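# Residue-level structural notes
Next come the chains, spelled out residue by residue.
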Amino acid sequence: MASSPSQNARGYVATASLPALPPPVGTTGPVGWLRQNLFYNLTNSVLTLVIVWLLWLLVSSSSGWFVFDAVAQAGSKQECLKIDSGACWAVIGKRIEQFMFGFYPEAERWRPLVCFFLLFAAIGPLLVPSFPARRLMLWFSAFYPVLTAVLLLGGVFGLPPVKTALFGGFMLTLIVGVTGIAASLPLGILLALGRQSRLLAVRTLSIMFIEFMRGVPLITLLFVASTMLNYFLPPGTHFDLLLRVLIMVTFFSAAYVAEVIRGGLQAIPAGQYEAAQAIGLDYWQTTRLITLPQALKISIPGIVNTFIGLYKDTTLVIVIGLLDPLGIGRAALADSNWNGLSNEIYLFVALFFFVSCFAMSRYSLWLEKRLATEHR
Amino acid sequence: MTPPSASKKTVKKAAKKTARKAAAKPVAKKAAIQKTAPKRAGKPGNRSVIKIDGMNKWYGNFHVLRDINLQVYEGERIVICGPSGSGKSTLIRCINRLEAHQKGDIIVNDTELTSDLKNLETIRKDVGMVFQSFNLFPHLTVLENCTLGPIWVRKMPKAEAEALAMEYLDRVRIPEQAGKYPGQLSGGQQQRVAIARSLCMQPTIMLFDEPTSALDPEMIKEVLDTMIELANTGMTMLVVTHEMGFANKVADRVIFMDEGQIVEENDPKNFFNNPRSDRTKLFLSQILNH
């Protein structure tokens, strides 16, 4: 019949276009996936089985301590040991309120709870463009910091005042983490633009700020916030410790964010600036409409990386006496009833951080996918 | 690319739609008038729109443009050619001040090019530019690419800007791509969007910086056809290109540059048949015989 091009040296002409055929059986669908990913060849299949076996070993040996032999309710470590040999999760149950609120007065704990739930309503419209009634909700987002400050601190509208020294636990982590993230992004953007500015003064100041903040450990900055700042302020002025910490954490993380965004800005081809100029856009329009959206998109992994780092670094506030979850954990360990349960307590704190950071990581992946407009 | 019969149909439909819109919108109407302007017989006007007088430019110590003198009249089509590194791109980039010159004068539409931001703003509204690498904004749709200038620079209401953009997308024959992102289009389509984007600012002068150099051979024609149509509306055009066929067909004048200098200025007929300078002869022999 028809000869293939290679067989016929005198030339070849296709007489009809070939129809598109379905792929061979077993190369698509779940079976295809299993073959492609788990049993591609002999080595691949052996590795799959070994890993499954190792996973089974891990789960079967640890599930006893974690779940089946664990004790959920008891009054002390001694009672736990009497009941079963596994983890003594009872300590978490007994101390959960402290882990959540620190030493926030018990009667007022509804206030941080309300703030926590409203947090989702406030960041939702910022993070998700398809949020219902987004325009309106953005006003709420803008108003949220004031609302939270009023609710948490009290002293107005008949709310009893609460000192920030009583704030602690996950509540403190969220306050420092969310404020740091929300404030350091805009500051970081300004610093990144400042570092590339043609104005010498702006550029120099930005570089000095960034290099100083990056060149000093966060712990040092926190110590400065807690002690040295008093020497610079006029005597008698009260400047809340938590507020100082918030400012330092924000500055610290802004310097990192600025450098990440600068990297993104440098990846924008010169042609983008030129095209924007040729249309007649000015500097701020070009930045806002053309270069920054693209630079931020490229920088998402780096920015989120910085934010996750910042979020976990909030545990450093323990060194200046603020009671973050690790501080609360230590207090629990110091209690003679729960002495020696560090595994349970630190695992619990680790779980809290993991859940938060994993959520951030997933969100950034989702955002990257949504913003991908090239090469689709 | 879409098959010709289908695209023709959609173009017609879209044209009808925009025509209806145009009747309602005064600005779009202006564009429509421009579109239907009678084909120009070939004689440019007498008003000088670009005047370059003793212009020199340096990159650091390197003298890129040397004593450039050039007058461009309204409606004139000028092709600039020359070997790479001869300064032809730099020359047209000086005309909308993407590059600043250091000596001499450039006057565009009676406005002198200085570092004064006010003048710069006026000139960039009047002068459109199309780049070799398209430089579309990848994070915006085709339509948004086109409406950006009208909305933010000309302060046009969004609906009006969109009608205008559709008008020009129609003119470059890709209205059906308006909702797509530049990354989804072929090179030729992207360059036509870039032309439409420039036209949306309703410039009086268009600069083309090697508009077909980054394109596959089969896409060069669609872009050149778009440019020829634009030339037929009477637009003042300065085109840096190696497409000698285009120069022969469309140009009123051909300028040959070498080593930062205008070596020869001639009408296309004489330029190709009786070049006066030896350097021109050498250049032409190199690009035409291969």
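A brief structural summary. Given the structure is predicted, the values throughout are model-derived calculations rather than measurements.

## Regarding unusual backbone geometry
Residues and elements named next belong to chain B.
- At Asn 135, a position not held by glycine, the phi torsion is positive, near 55°.
- Among the structural elements, Asn 135 can be located in the loop between strand E6 (127–130) and helix H5 (142–152).
- Since its relative accessible area comes to 10%, Asn 135 is described here as buried.
- Even without being glycine, Lys 155 reaches a positive phi, approximately 55°.
- Along the chain, Lys 155 turns up in the loop between H5 and helix H6 (158–171).

## Regarding the nonpolar core
- Counting 77 residues, the largest nonpolar core has A:Phe99, A:Phe167 and A:Ile261 as the members making the most contacts within it.
- Here the element with the most residues in this core is helix H10 (residues 241–266) of chain A; it accounts for 12 residues.
- Not counting the four nearest positions on each side in its chain, A:Phe99 is found in contact with A:Ile92, A:Gly169, A:Phe170, A:Pro325, A:Ile328, A:Gly329, A:Ile345, A:Phe348 and A:Val349.
- Formed by 50 residues, the second largest nonpolar core is a distinct cluster that contains B:Met156, B:Ala165, B:Leu169 and B:Val239.

## Some details on the layout of surface pockets
- As a volume, the second largest pocket reaches approximately 1,400 Å³.
- In terms of lining, the second largest pocket is formed by 36 residues, of which the most central are A:Arg198, A:Gln277, A:Asp282, A:Tyr283 and B:Leu117.
- Within the residue set of the lining of the second largest pocket, elements represented by two or more residues are helix H7 (169–195), helix H11 (270–279) and helix H12 (283–313) of chain A together with helix H4 (117–126) of chain B.
- A total of 6 residues in the lining of the second largest pocket trace back to one element, the largest contributor, which is H12(A).
- Residue classes in the lining of the second largest pocket are distributed as 16 nonpolar, 10 polar and 10 charged.

## Let's talk about the sheet that holds strand E5 (residues 111–112) of chain B
Residues and elements named next belong to chain B.
- Read across the sheet, 4 strands follow the order E2-E1-E4-E5 without closing on themselves; strand pairing throughout is antiparallel. The sheet is open, and its two edges are formed by strand E2 (62–73) and E5, each paired on a single side.
- With respect to the sheet, helix H3 (residues 88–95) is in contact with strand E1 (48–59), E2 and strand E4 (103–108), its orientation differing from that of E1 by roughly 120°.

## What to know about empty space enclosed by the protein
- All chains considered together, the criterion is met by 1 cavity of 30 Å³ or more.
- Of the voids in this model, the largest cavity is the one considered here, and its volume is about 70 Å³.
- Lining the largest cavity are 13 residues, with A:Ala278, A:Ile279, B:Gly128, B:Met129 and B:Ser198 sitting closest to its centre.
- Secondary-structure elements contributing two or more residues to the lining of the largest cavity are H11 of chain A together with H4, E6 and helix H7 (187–199) of chain B.
- Looking at the lining of the largest cavity residue by residue, the class counts come to 8 nonpolar, 2 polar and 3 charged.

What counts, and where the lines are drawn
Residues numbered from 1 in each chain as written. Chains lettered and ligands numbered in written order. Predicted model: local features only at pLDDT ≥ 70, side-chain atom pairs only at ≥ 80, totals over all residues. Heavy atoms only, no water. Helix = DSSP H or I, 4+ residues; strand = E, 2+ residues; numbered from the N terminus. Buried < 20%, exposed > 50% of the residue type's maximum accessible area, 1.4 Å probe, protein only. Core = buried A, V, L, I, M, F, W, Y, C linked by side-chain atoms within 4.5 Å. Contact = heavy atoms within 4.5 Å. 1 Å grid on protein atoms, 1.4 Å probe; cavity = no way out; pocket = protein on both sides within 12 Å on 5 of 7 lines; lining within 4 Å. Points joined across faces, edges and corners; volume = space filled by probe spheres on them. Nonpolar A, V, L, I, M, F, W, Y, C, P; charged D, E, K, R; others polar. Pairing = 2+ DSSP bridges. Axes fitted to C-alpha atoms, helices over the stretch in contact; angles between N-to-C directions.

These results come straight from atomic positions and should not be treated as a statement about function.
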